[in-house]
Amino acid sequence: MNAFAAALAPPLAAVGEVGEGFFKERSSDTLPCQAREGHLFCFDWAKENIGSFGTPTLQHLEIVAISVAAGFATAFALALFAHRRHWLQPPLLAATGVLYTVPSIAFFFLLLPITGLGRDSVIIALSAYTLQIIYRNTLAGLANVPDSVRDAARGMGLTERQILWRVELPLATPEIVAGLRIATVSTVAIATLAVLASGGGLGVKFYTGGNLTFLTSIVIAGAIAILMALAFDVVLLGIQRLLTPWRRAAAG
Amino acid sequence: MTGALLTLVPASFGGAIEFIFEPQSSSVTGGNKVGGLDQVVELTLNQLELTLLALTVSMLVALPLGLYLGHRGTGELLAVGLGNAGRAIPELGLIAFMAAAIGVGWRNIVIALAVLGIPPILTNAFVGIRQVDRAPVDAARGMGMSELAILLRVELPLAIPTVMAGIRGATIAIVATATIAPLAGVLTLGDFIINRNVYGPDGLLAGAILVALLALVLEFSLAGLQRALTSKGLKVSAA
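Position numbers for residues count from 1 along each chain, tracking the sequence in the order it is written. As they are written, the chains are lettered A onward and the ligands numbered 1 onward, keeping that order. The predicted nature of this model means local features are confined to residues of pLDDT at least 70 and side-chain atom pairs, given and counted, to a pLDDT of 80 or more, with totals for whole chains, interfaces and linings taken over all residues.

1. Considering the overall build of chain B
Consideration 1: Scanning chain B for helices and strands turns up eleven helices and two strands.
Consideration 2: Taken from N to C terminus, the helices and strands of chain B fall in the order α-α-β-β-α-α-α-α-α-α-α-α-α.
Consideration 3: For chain B, the spread of C-alpha atoms along the three principal axes comes to 75 × 40 × 25 Å.
Consideration 4: Around each residue's C-beta, the other C-beta atoms within 10 Å are counted; 20 or more make the residue buried, 12 or fewer make it exposed, and counts in between make it partly exposed. All C-beta atoms are placed from the backbone. The buried share of chain B, reckoned over its 239 residues, is 46%.
Consideration 5: Contacts are defined on C-beta atoms placed from the backbone: any two residues whose C-beta positions lie within 7 Å are in contact. Counting contacts in chain B only where the partners sit at least 6 residues apart, residues at least 24 apart contribute 74% of the total. Only DSSP runs of H or I with at least four residues qualify as helices, and only runs of E with at least two residues qualify as strands; both kinds are numbered from the N terminus onward.

2. A short note on the overall build of chain A
Consideration 1: What chain A contains, in helices and strands, is twelve helices and two strands.
Consideration 2: Along chain A, helices (α) and strands (β) appear in the sequence α-α-α-α-α-α-α-α-α-α-β-β-α-α when read from the amino end.
Consideration 3: A buried classification covers 39% of the 252 residues belonging to chain A.
Consideration 4: Sequence-distant contacts, at least 24 apart, represent 75% of the contacts inside chain A between residues at least 6 apart.

3. A look at the nonpolar core
Consideration 1: Ranked by internal contacts, the top residues of the largest apolar core, which has 133 residues, are Phe109 of chain A together with Ile95, Ala96, Leu113, Leu183 and Ala208 of chain B.
Consideration 2: Sort the elements by how many residues they give to this core and helix 8 (residues 147-177) of chain B lands first, with 14 residues.
Consideration 3: Excluding its chain neighbours within four sequence positions, the residues that come into contact with Ile95 of chain B are Ala112, Thr177, Ile180, Leu183 and Ala184 of chain B. A set of buried residues drawn from Ala, Val, Leu, Ile, Met, Phe, Trp, Tyr and Cys, joined through C-beta atoms within 7 Å, is what defines a nonpolar core.

4. Considering the confidence of the model for chain A
Consideration 1: pLDDT measures the predictor's confidence residue by residue and takes values from 0 up to 100. With 82% of its residues at a pLDDT of 70 or more, chain A shows a mean pLDDT of 82.
Consideration 2: When the criterion is pLDDT under 50, residues 1-27 of chain A qualifies, and its contacts beyond four places in sequence or with other chains add up to 14 contacts.

5. Considerations on the interface of chain A and chain B
Consideration 1: Listed by partner, the interface residues are 39 residues for chain A and 36 residues for chain B.
Consideration 2: For this classification, Asp, Glu, Lys and Arg are treated as charged, while Ala, Val, Leu, Ile, Met, Phe, Trp, Tyr, Cys and Pro are nonpolar and the rest, including Gly, are polar. Taken together, the residues of the side of chain A that touches chain B sort by class into 29 nonpolar, ten polar and no charged.

6. Looking at the environment of Thr44 of chain B
Residues and elements named next belong to chain B.
Consideration 1: Structurally, the position occupied by Thr44 is in helix 3 (residues 37-72).
Consideration 2: For the pair Thr44 and Pro23, spaced 21 residues apart in the sequence, the C-alpha separation amounts to 16 Å.
Consideration 3: Sequence-distant contacts of Thr44, defined by excluding residues within four places in its chain, comprise Leu189, Leu210 and Leu214.

This is the structure we're talking about:
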């Protein structure tokens, strides 16, 4: 079912002057590209309408950036807090696991009586979704620091706080960033669902006014979303390299 | 999509619970009742059936491939790369693309959902088998076990936690995305969310509650299944 064809049909039929057989004789080849069923890509339409993807792309970027930043701040703080309090780790893992399991789309609307429809609910739901992977990877990264390194730091007279920030966290950086990358890429993909909660973003180019949009729009928006995920991934990987110069030295 | 209805009548958890158990009159359907336990059960079963069908297809494709590649130790780029790439697929885009390019209906939506389930199962099956300690594998080979027997009776039992984690990840992704299946003509619990003008704000909230519960029930069942499948020896060594 092509939404565009459906939208075009009534106004065309309402024009009384067209001759008998007008609709029968017109083969689908002469219709504008976007009115044809199942046509994968309309270059003319794309050229004319590419500008309309700008705002949704920026909205999408904003939703993802805020959600991941909020999720990272929360999960990182939880992990640091639980790092030396082992009894806290299983209940926190279970709690973040529940938040991860609740489908984002359900989460948007569970917040309906509290924050209503729109971007706030979307951002809360998406950041809750990122907690588990970041929390788990941060804890695992800290736990994987060899005891000998910790002992050496202690022997050099570093305080517990210094050991955490100057020894453990730098060594845990690759695992922390790995979690952040997974969380970010997933969030870019899931944020397309924000449109269902009137939260904007690239989803509006898939689905507007209760209908799926037509293929060209879906293909372009999908490509932008995938490229955005890839770009975030590359940038985060670059940040990790900058933060861990000794790894390059060891590898090279 | 303006949500005018929603701002006029605020949703409440009480109203949503009522919607789940008692049919409510809708302003859109001309007095026909919507919601209620019968419809809730029907849509829940639809979503469950859709999820299990798609999960089965994903497992049939990804498990043998992942286990085989893991056992051979080849194809890491495919198994792990696909897992990473799979996360970048926008769910709504995938469903919209399938519906617009191939058509609506059960078969197409099962395929679309199976596509989402394949990457996590493939990656975890591969990684799980690769991580198995080589000593028991060498011992099994020395005892004269066939390669297939080694894979199924030595490597797979030892890799169960990782393999099951992949299946659980796939299940969560599939059941979550099955919520938007009504866009492609298959009615699931997501109908309460997507056709909110019919069901009203209480129906919308009820849909969210039911979808969340369904996902949690599936996750806890699979976690239980994983515990049952994990060999006693592994549990002892973990404790």
